[in-house]
Amino acid sequence: MIADMDSLKVGLVGLGNVGGGTLQILIENKEQLAHKLGIPVDVAMLCSRSVHRRKLPAGAESIARTTDWREVVAHPEIDVVAELIGGTGVASEVIEAALANGKAGVTANKELMAKRGVDLWQKASESGRPLAMEASVAGGIPIHTVLREGIVGDRIEAMAGILNGTCNFILTEMEKAGRGFDEVLAEAQQLGYAEADPSADVDGYDARSKLAILAALAFGCRVPVEDIYVEGIRRVSDVDFSYAAQLRHTIRLLCVARLSSEGLALSVRPTLLPKSAILASVSGSYNAVWVKGAYGSDTFYYGRGAGPLPTGVAVVSDIVHAGRELLSCRQNRVSPYSFRQLSAYRPAPPESFKQP
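Scoring rules and cut-offs
- Residues numbered from 1 in each chain as written.
- Predicted model: local features only at pLDDT ≥ 70, side-chain atom pairs only at ≥ 80, totals over all residues.
- Heavy atoms only, no water.
- Buried < 20%, exposed > 50% of the residue type's maximum accessible area, 1.4 Å probe, protein only.
- Helix = DSSP H or I, 4+ residues; strand = E, 2+ residues; numbered from the N terminus.
- Right-handed = clockwise from strand over helix to strand, strands pointing away.
- Pairing = 2+ DSSP bridges.
- Contact = heavy atoms within 4.5 Å.
- Axes fitted to C-alpha atoms, helices over the stretch in contact; angles between N-to-C directions.
- Expected span 1.5 Å × (residues − 1).
- 1 Å grid on protein atoms, 1.4 Å probe; cavity = no way out; pocket = protein on both sides within 12 Å on 5 of 7 lines; lining within 4 Å.
- Points joined across faces, edges and corners; volume = space filled by probe spheres on them.
- Nonpolar A, V, L, I, M, F, W, Y, C, P; charged D, E, K, R; others polar.
- Phe/Tyr/Trp six-rings, centres within 6.5 Å; stacked < 30°, edge-to-face > 60°.

Peer 1: How would you summarise the pairing of strand β4 (residues 80-83) if you had to cite specific residues and measurements?
Peer 2: In β4, alternate side chains face the same way, and those of Val-80 and Ala-82 on one face and Val-81 and Glu-83 on the other are all buried. Once you follow β4 into helix α4 (residues 90-100) and on to strand β5 (residues 104-107), the crossover reads as right-handed.

Written out as structure tokens, the structure is:
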């Protein structure tokens, strides 16, 4: 449909940590991105509430700016709109309007994609434009691509992951220094690892959204995010780590999915892990995902789970992916959820659940 375009023009909506990292990569890595895509990737417009007083990286001074996202999605020359603002209100409007205006959509928004991803995918299919969401889970780890394409030949039986860097930083600091939850949380907030209101992270809701997305990719079912059992880390104490150490175990906030004949068991909760387990060695703000396939057995994916540049890499990779589909005129060649259609979620009874 746009096979004859001479450059890929991008509009960024949101210039927070992720948006800033994305912009930096698009500017600094412009030459190599052009070699990979075959045409230049140009940032055509930037949008945020503070865009006119924000200091931009060198090379971004001449880019058009606006405080109104509607100008981005209506811009006739923009091919890809990247939504990087978060939430489910305005963010949803941005993606829907972009698709309706013939733009490809890219998002890093795990909450939006966990709750409305399938509906947005349907709108993307109807509009004939790609929708990409790699950055919505695990920052710089390309776990979507792994599940959607890398091991698509396998049948996933179980999956476990550390998907929230804030919680992992808090738990590993508590274990290392014998400090209490409140003290380490305050430090995490000072370092920028935790928000002023840390509820989404420490109560497990951020990780729950990510697990819902991964479950759709791995098992081909549409999971209502509110149906996933969730328990945060507020009640974990330094005493718990002392007892865990006596058992040669540690504690991590673990996202677990396990498929059985009774259904799919999903949970997010603090979990005792043997020190010998590979996930037990994941420390600080890193993320990791372990996947067990029926044929390929165990695979493991590890890396930065957050941060402007690791997450920005995922966003830029999605922008290039969208560009390739636009150039090839084969929109949604690969479903963002791996499966062409998602089935209904069949939860396993709680009593059947066990660690993979």
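Peer 1: Break down the sheet that holds strand β10 (residues 249-260) for me, with residues and values.
Peer 2: Taken in spatial order, the six strands of this open sheet run β9-β11-β10-β7-β12-β13, and their pairing is mixed. Looking at which strands have only one partner, the edges of the open sheet turn out to be β9 (229-230) and β13 (297-304). Across two bridges, β9 lies against strand β11 (residues 263-274) in parallel orientation. Looking across to β11, one finds that Val-230 is bridged to Val-268. The sheet strands contacting helix α7 (residues 165-177) are β7 (156-162), β10 and β12 (286-293), and the helix crosses β10 at an angle near 140 degrees.

Peer 1: Could you give me a rundown of helix α10 (residues 205-219), with the residues and numbers involved?
Peer 2: Under the 1.5 Å per step criterion, the end-to-end length of α10 is 21 Å for 15 residues, consistent within 8% with the ideal 21 Å. Counting buried positions along α10 gives 14 out of 15 residues, so the element sits mostly inside the fold. Just beyond α10, the residue with positive phi is Gly-220, at close to 70 degrees.

Peer 1: Before we move on, can you summarise the environment of Gly-128 with the specific residues and values?
Peer 2: Note on placement: Gly-128 falls in the loop between α5 (110-127) and β6 (131-132). Residue Gly-128 is classed as buried on the basis of its relative accessible area, which comes to 14%. Separated by 36 residues in sequence, Gly-128 and Asn-164 place their C-alpha atoms 33 Å apart.

Peer 1: Lay out empty space enclosed by the protein with the relevant residues and their values.
Peer 2: Within the structure shown, the criterion is met by two cavities of 30 Å³ or more. In this model, the second largest cavity occupies a volume close to 40 Å³. As for the second largest cavity, its lining consists of Met-159, Ala-160, Gly-161, Leu-163, Leu-211, Leu-214, Cys-255 and Val-289. Counting residues per element, the lining of the second largest cavity draws most heavily on β7, at three residues. Here the residues of the lining of the second largest cavity are counted per class, giving seven nonpolar, one polar and no charged.

Peer 1: I'd like a description of unusual backbone geometry, backed by residues and values.
Peer 2: One non-glycine residue, Ala-138, lies in the positive phi region at around 65 degrees. Structurally, Ala-138 is set in the loop between β6 and α6 (143-150). Judged by relative accessible area, which is 1%, Ala-138 ranks as buried.

Peer 1: Summarise the pairing of strand β1 (residues 8-13); cite the residues concerned and give the values.
Peer 2: Here β1 lies mainly inside the structure; five of its six residues are buried. In the sheet, β1 pairs with β4 via four bridges, with the strands oriented parallel. For Leu-12, the partnering residue across the bridge sits in β4 and is Ala-82.

Peer 1: How would you summarise the layout of surface pockets if you had to cite specific residues and measurements?
Peer 2: Unfilled space is identified by rolling a water-sized probe across the atoms. In this structure, the second largest pocket encloses a volume near 390 Å³. As for the second largest pocket, its lining consists of 21 residues, and the residues nearest its centre are Thr-145, Val-313, Ala-314, Ser-317 and Asp-318. Elements that contribute at least two residues to the lining of the second largest pocket include exactly α2 (30-37), α6 and α12 (308-328). The biggest single contributor to the lining of the second largest pocket is α12, with eight residues. For the lining of the second largest pocket, the class distribution of residues is eight nonpolar, six polar and seven charged.

Peer 1: Describe the packing of aromatic side chains, and please don't skip the residues or the numbers.
Peer 2: One pass over the structure, following the stated rule, counts three aromatic pairs. Measuring from ring centre to ring centre gives 4.7 Å for Phe-169 and Tyr-193, while their planes differ by 55 degrees; the resulting arrangement is tilted. Note that Phe-169 is positioned in helix α7 and Tyr-193 in the loop between α8 (181-191) and α9 (199-202), a separation of 24 residues in sequence. Measuring from centroid to centroid gives 5.0 Å for Tyr-286 and Tyr-302, while their planes differ by 5 degrees, and the two rings are stacked. Taken together, the positions of Tyr-286 in strand β12 and Tyr-302 in strand β13 put the pair 16 residues apart, joining distant regions of the chain. For Tyr-286, a relative accessible area of 24% corresponds to the partly exposed category.

None of this, on its own, says anything about what the molecule does.
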